[in-house]
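Here are the chains, one letter per residue:
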Amino acid sequence: MRCNEPCKMTKALLLAAGFVLASAQANAGVLYGTDYDSYNGRSGRPSDSLLSLGRDGNFGAYCQSGASSGRRTVVYPFDIPDQFEVFSVRVWGIDDSASNNLSYELVKSCQPFLSGGGPVRTVLATAASSGTPGNFSQLLIPAEQVATSSTCAYFLEARFAPDNSACAGFDLRSVRVRLLSNNPDVIFRNGFAP
Amino acid sequence: MGFDDPAQLVMVRDLPFPADSDTRAPDGAGLGDEWQTRIGTAFQGRTGAFNFGGQAPSIACTSGTERFATATFDLPAGAAIKYVDMFAYDNSSSEEMLVFLLSVCQGTGGADPPVSTILANSTTSGTPGDTVVTLNLSSAPVIVDRYTCRYMVRVNMASPGGTCVGGSIFLDKVRMQYTP
């Protein structure tokens, strides 16, 4: 098809728009309020001091505990500002274990705003390795979830083995966690000073 | 409004009228306040002798005499810390749980040692079960100085000189309310 002058201008505009969109992808946090937070596997916190946690040289975490008592979970607390949308959590790991898998739960824990009340845990999404895939990556996508950070806390729990059971050691590693959230109100987020 | 063009589109955020500064509400009461929370599991022992366990978000101090645990908060420069709320469970007749807001500051370029300051503290009382302990700084908020200081909350999971009481005392979370 031949292209006259207006057509060439249209093409040029489309090309420019394409570049803008491409750069928007690269700098999405600026334009769209999307936010990525990455955590090394070893930055997780053991939920029990009986859990012996090792590091694999690249800040991946693995459980060194044998069949003694205690939980076998590592927790990644998230800092999610109020009203941000929680889109997804991607996890990376290594599973060379024939006996154990690495399972994940994205958890919301809520309590009353200003009165006593036990934390109410809600599992928003789950994922797990299976078999012996070696390197693996899984995506946890909650149903639409707007953070209410005044009353709730958000975290990911990675489980290396059932409670009080032997871990698979170096064969099962939590390598990385990435939270994807979105600020729905980039410009007026904090309002104006009274 | 300071715009020359009368057709200029101006967006104004539709916020509720600011409430009294002492009002607290989950939506910030129109004050633009925000929150930062550290769950119990995020607290680390003052030393490696701190023994703990529990299901996230809660931890209990399970044994021994090391009963202090600390979490660092990461607030924006210039933020005004107005409230610190500790959510806990206390069913111990012998021990209480204490909470401290600390700043740890150093000289800007020298080799001065860090100076720790207790900015506020309080404690649980009796055996309330699930409870909230609030450090109210709203009349004189702590202004965050990221250049020289770090800010942290430390809990003592037993009374001074006491020992850990296991599942009789749990730390669920600590939440800061601040104005950015």
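Residues numbered from 1 in each chain as written. Chains lettered and ligands numbered in written order. Predicted model: local features only at pLDDT ≥ 70, side-chain atom pairs only at ≥ 80, totals over all residues.

Peer 1: Honestly, the overall build of chain A in this entry has me stumped. Any pointers?
Peer 2: When helices and strands are tallied, chain A shows two helices and 11 strands. The N-to-C order of helical and strand elements in chain A reads α-α-β-β-β-β-β-β-β-β-β-β-β. Going through the 194 residues of chain A one by one, you find that 33% of them count as buried. (Helix = DSSP H or I, 4+ residues; strand = E, 2+ residues; numbered from the N terminus. Buried ≥ 20, exposed ≤ 12 C-beta atoms within 10 Å, placed from the backbone.)

Peer 1: I tried to follow the overall build of chain B on my own but got confused; where do I start?
Peer 2: Along the backbone of chain B there are zero helices and 12 strands. When burial is assessed residue by residue, chain B has 39% of its 180 residues classed as buried. The contacts of chain B with a sequence gap of at least 6 include a subset with a gap of at least 24, amounting to 70%. (Contact = placed C-beta atoms within 7 Å.)

Peer 1: Help me understand the environment of B:Thr179 in this model?
Peer 2: All names here are of chain B. Relative to the elements of secondary structure, Thr179 occurs in strand β12 (residues 169–179). When the C-alpha positions of Thr179 and Pro141 are compared, they lie 9.2 Å apart, and in sequence the two are 38 residues distant. Discounting chain neighbours no more than four positions away, the residues touching Thr179 are Leu31, Gly32, Asp33, Ala79, Ala80 and Lys82.

Peer 1: When you look at the pairing of strand β6 (residues 85–95) of chain A in this model, what are you seeing that I'm missing?
Peer 2: Regular strands have side chains that alternate between both faces of the sheet. Residues and elements named next belong to chain A. As judged from the 10 bridges shared by β6 and strand β11 (residues 172–182), these two strands associate in the antiparallel manner. Bridge pairing in β11 places Ile94 opposite Arg173. Here β6 runs beside strand β9 (residues 134–140); their pairing, made up of seven bridges, is antiparallel. By the bridge assignment for β9, Ile94 is matched with Asn135. (Pairing = 2+ DSSP bridges.)

Peer 1: Which parts of the structure should I look at to understand the interface of chain B and chain A?
Peer 2: Frequently, the measure chosen for interface size is the accessible area removed from exposure when the parts meet. Between chain B and chain A, the residue contacts involve 33 residues of the former and 33 residues of the latter. Taken together, the elements giving at least two residues each to the side of chain B that touches chain A come down to β1 (34–39), β3 (51–53), β6 (80–90), β9 (129–136) and β12 of chain B. Looking at the side of chain B that touches chain A, the element that brings in the most residues is β1(B), giving six residues. Partitioning the side of chain B that touches chain A into residue classes produces 15 nonpolar, 11 polar and seven charged. (Nonpolar A, V, L, I, M, F, W, Y, C, P; charged D, E, K, R; others polar.)

Peer 1: Teacher, can you tell me more about the sheet that holds strand β2 (residues 44–45) of chain B here?
Peer 2: What links the strands of a sheet is backbone hydrogen bonding, and the strands pair in either a parallel or an antiparallel sense. All names here are of chain B. Ordered by their spatial adjacency, five strands build an open sheet running β2-β5-β11-β7-β8, and the pairing between neighbours is antiparallel. The open sheet has two edge strands, β2 and β8 (115–123), and neither has a second partner. Where strand β7 (residues 98–105) and strand β11 (residues 149–156) come together, eight bridges link them in antiparallel fashion. Considered in β11, the bridge of Cys105 is made with Cys149.

Peer 1: I tried to follow the environment of A:Asp95 on my own but got confused; where do I start?
Peer 2: Residue and element names in this part refer to chain A. Within the element layout of this structure, Asp95 appears in strand β6. Judged by the 21 C-beta atoms lying within 10 Å of it, Asp95 falls in the buried class. Remark: the alpha-carbon pair of Asp95 and Phe170, spanning 75 residues in sequence, is separated by 9.0 Å. In this structure, Asp95 is in contact with Asn101, Leu102, Ser129, Thr132, Pro133, Gly134, Phe136 and Leu172, ignoring residues within four places of it in sequence.

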